[in-house]
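# Chain and residue survey
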Amino acid sequence: MKTLALYNIKGGVGKSAGAVNLAYFAAASGLRTVVWDLDSQAASTWYLHGEQSAAKAKSVLSGDTPLGRLVKPTPYDKLTVIPAEFSYRYFDILLKKVDPPREAFKRLLKPFSEQYSLAVLDCPPAISHLADNVFTAADLILVPVVPTHLSLRAYEQLREYFEQEGLPLRKLKPFYSMADRRRSLHRELIENPPALMQNAATAVIPYSSMVERMGEHRAPVAAYAPGDDAALNAYAELWLEVADTLGFKTP
Ligand SMILES: Nc1ncnc2c1ncn2[C@@H]1O[C@H](COP(=O)(O)OP(=O)(O)O)[C@@H](O)[C@H]1O
Ligand SMILES: [Mg+2]
């Protein structure tokens, strides 16, 4: 099983939209996929119709509630979700006390490898103990970057944190998200990406009302967008790049 995280220090940049759309394409390509919603705002839980579970963060971390018991079906074949639970907001405090402190998520996910090919972690913003656990558990960390200087700066801060902490920079893969080519700054940064974006995904997710409507449809864009939709095709392209990086065979 491979673990893919959607992470950014910033909120509102397209992590949850990315997690749900990429997980959908993974499952549609035949990979058994679980989305673990780690953000107590529960966006991906909402999009995937995950029912709330009664489990508390403490009981999950102690092993009293196996993570596998929290898995819920979604309307899509081969795609399941571990819903966010409101008590997850305490995760961060609890994770500090686990020993070793950065390996709890990796340990919790281990039993999934028998049944699943891919786990997708939808993360809350901020650098935290939870984020440290995500960085250890993930094989690949996709970072949505809005083509603006502030967003690039946030990505730079994340890279600096990886350097400071001796974490593997090769796990980080940024991609442009919510890109609006009508804006000259967005266009410039996409056409002449700064060195920071050297290993960015080729796929650029456009700013799109079709993505905005995910909340209304409670579904990934593939479930309702026309086949020629730009955002749909950008997510499909991003999935192919991610699949390739993770070593999944794609047609
Ligand atoms: N490509 C996009 N185009 C337009 N709106 C988007 C796009 N991606 C996300 N959004 C919208 O922006 C908001 C934040 O997106 P979300 O994926 O929840 O970000 P995050 O998980 O990083 O906080 C949501 O209302 C979502 O519908
Ligand atoms: Mg989110």
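Here is what the cut-offs are and how they apply
- Residues numbered from 1 in each chain as written.
- Chains lettered and ligands numbered in written order.
- Predicted model: local features only at pLDDT ≥ 70, side-chain atom pairs only at ≥ 80, totals over all residues.
- Heavy atoms only, no water.
- Buried < 20%, exposed > 50% of the residue type's maximum accessible area, 1.4 Å probe, protein only.
- Helix = DSSP H or I, 4+ residues; strand = E, 2+ residues; numbered from the N terminus.
- Contact = heavy atoms within 4.5 Å.
- Polar contact = N/O pair within 3.5 Å; in protein donor to acceptor, adjacent residues only side chain to side chain.
- Salt bridge = Lys/Arg side-chain N within 4 Å of Asp/Glu carboxyl O.
- Pairing = 2+ DSSP bridges.
- Phe/Tyr/Trp six-rings, centres within 6.5 Å; stacked < 30°, edge-to-face > 60°.
- Lys NZ or Arg CZ within 6 Å of the ring centre and 35° of its normal.

### Remarks on helix α6 (residues 129-137)
The element α6 is largely enclosed, with a buried count of 8 among its 9 residues. Within the span of α6, buried status applies to Leu-130, Ala-131, Asp-132, Asn-133, Val-134, Phe-135, Thr-136 and Ala-137. If you follow the buried residues of α6, they end up packed against β1 (2-6), α4 (91-95), α5 (104-109), β5 (118-122), β6 (140-145) and α7 (149-165).

### Considering the environment of Thr-80
Turning to its location among the elements, Thr-80 is positioned in strand β4 (residues 79-82). Sequence separation between Thr-80 and Pro-226 is 146 residues, and the spatial gap between their C-alpha atoms is 24 Å. When sequence neighbours within four positions are dropped, the list of residues in contact with Thr-80 reads Thr-33, Val-34, Val-35, Val-71, Lys-72, Pro-73, Thr-74 and Tyr-116. Within the structure, Thr-80 has its side chain in polar contact with the side chain of Tyr-116 (distance 2.9 Å).

### Examining the pattern of salt bridges
If you walk through the whole model with that rule in mind, you get 8 salt bridges. Close ionic contact of Asp-132 with Arg-102 constitutes a salt bridge, the shortest N to O distance being 3.4 Å. In this pair, Asp-132 sits in helix α6 while Arg-102 sits in the loop between α4 and α5, placing the two residues 30 residues apart along the sequence. The class of Asp-132 is buried, set by a relative accessible area of 8%. On the accessibility criterion, Arg-102 (24% relative accessible area) is partly exposed. Put simply, Glu-216 and Arg-213 hold a salt bridge, and the shortest N to O gap is 3.0 Å. Connected via shared salt-bridge partners are Arg-102, Asp-132 and Glu-165.

### Quick notes on the pairing of β5
Burial analysis of β5 places 5 of its 5 residues in the buried class, the great majority of the element. Here β5 shows no split at all, with Leu-118, Val-120 and Asp-122 on one side and Ala-119 and Leu-121 on the other all buried. For β1 and β5, the ladder comprises 5 bridges, and the chain directions are parallel. Each bridged residue has a counterpart across the sheet, and for Leu-4 the counterpart in β5 is Val-120.

### Observations regarding the packing of aromatic side chains
Taken as a whole and judged by the stated rule, the model has 10 aromatic pairs. Seen in terms of ring centroids, Trp-36 and Phe-105 are 4.8 Å apart; in terms of plane orientation they differ by 50°. Their pairing is tilted. With Trp-36 in strand β2 (residues 33-37) and Phe-105 in helix α5, this residue pair connects regions lying 69 residues apart in the sequence. You can call Phe-105 buried: its relative accessible area is 0%. Clustering of aromatic rings is evident, with ring pairs tying together Tyr-7, Phe-135, Tyr-161 and Phe-162. The ring of Trp-46 has Arg-218 lying over it, and the distance from NZ or CZ to the ring centre is 3.7 Å.

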